[in-house]
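Structure at a glance
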Amino acid sequence: MMKKVFFTSLSLFLIYRSYDLLLLLWHDESTTNSHLKLLLVAFLINLFETGIFAFLGFAYPTSRLLGSSYYDVKHPKRVERLYQLLAVDYFKKALLFAYWGHPKQRQKYFNGKRSGIDNLIFQTNQSEFGHLGALILISLSGLALLFKGHWQLFAYITAINMVGNGYPLLMQRHHRLRVARLGRRHNHQFG
């Protein structure tokens, strides 16, 4: 119970901070911002809005909001082509090197046993939902700022969003192709 209250509170705090920052930018008419300042603001918007979904995902099974049919990859060849075209494998290798390569981190997703398949499916669904929600929210925030004439900030927000949420989302979809085969082999559900 304390975990849910804590993570929900963090998420609400980030909603407030995101709203406050976007409101400030909405009323900011200056166009002489430095690139470093714009990059920092774009990073904060991405961090705050991704955090909203991350903290909610730590507390609740948010992936269930989309329903099980969302997690079925309906066009595996498209996913594979896009994965190759955008060189997502390099992104995956960087994540493995920087964080997920440590066995302790990977065990949070999968313990290597048959009994861990359900947790693997649940965790990948949670991650995908979080990145999808953040990608959409950040895109909408960026479009609102573009509407107000903040085109450089929009470019930075979009670039960071693609790396921070677009690539992980595509990586999860691609990963799901292999997980689905494993799940079907052992008769596990994906929703």
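Preceding block: the structure.
Below: a short report on this structure. No experiment lies behind these values; they were computed from the predicted model shown.

Before going further, it helps to examine the packing of aromatic side chains. One pass over the full model with this rule turns up eight aromatic pairs. One aromatic cluster is present, formed by Phe6, Phe7, Phe55 and Phe58 through successive ring pairs. The residue whose ring lies beneath Arg173 is Tyr70, and the NZ or CZ to ring-centre distance is 4.8 Å.

Side-chain pairs of opposite charge can arise whenever the charged atoms involved come near each other. Within this structure, the stated rule accounts for four salt bridges. For Arg17, the salt bridge goes to Asp20, with nearest N and O atoms at 3.2 Å. Of this pair, Arg17 and Asp20 both sit in helix H1 (residues 2-26), three residues apart, which is roughly one turn of that helix. By relative accessible area, Arg17 is classed as partly exposed at 29%. Between Lys93 and Asp89 there is a salt bridge, with its nearest N and O atoms 3.5 Å apart. Remark: Asp89 and Lys93 occur in helix H4 (residues 88-100); sequence separation between them is four residues, near one turn of the helix. The class for Lys93 is partly exposed, based on a relative accessible area of 48%.

A separate point is the side chain of His131. With respect to the helices and strands, the residue His131 is situated in helix H6 (residues 117-147). At a separation of 3.4 Å, a polar atom in the side chain of His131 contacts the main-chain carbonyl oxygen of Gly164. Beyond its immediate chain neighbours, meaning those up to four positions away, His131 contacts Gly164, Asn165, Pro168 and Leu169.

What counts as what
- Per-chain numbering applies: the sequence of each chain, read as written, is numbered from 1 onward.
- Two thresholds apply to this predicted model, a pLDDT of at least 70 for residue-level local features and 80 or more for giving and counting side-chain atom pairs, whereas whole-chain, interface and lining totals are computed over all residues.
- To obtain the side-chain values, all non-hydrogen atoms of the structure were included, while hydrogens and water were left out.
- In this scheme Phe, Tyr and Trp rings, the latter by its six-membered ring, pair at centre separations within 6.5 Å, and the angle between planes marks the pair as stacked below 30 degrees, edge-to-face above 60, and tilted otherwise.
- Ring-over charges, as used throughout, are those where CZ of Arg or NZ of Lys falls within 6 Å of the ring centre and within 35 degrees of the ring normal.
- When a carboxyl oxygen of Asp or Glu lies within 4 Å of a side-chain nitrogen of Lys or Arg, that pair is called a salt bridge.
- In DSSP terms, a helix is any run of H or I states spanning at least four residues, a strand is any run of E spanning at least two, and both are numbered starting from the N terminus.
- Between buried and exposed lies partly exposed: a residue is buried under 20% and exposed over 50% of the maximum accessible area for its type, with that area taken using a 1.4 Å probe on protein chains only.
- Whenever two N or O atoms come within 3.5 Å, that pair is a polar contact, provided that in protein one can donate a hydrogen and the other can accept it, and provided that, for residues adjacent in sequence, both atoms are side-chain atoms.
- Working rule for contacts: check all heavy atoms of both residues, and any pair within 4.5 Å makes them a contact.

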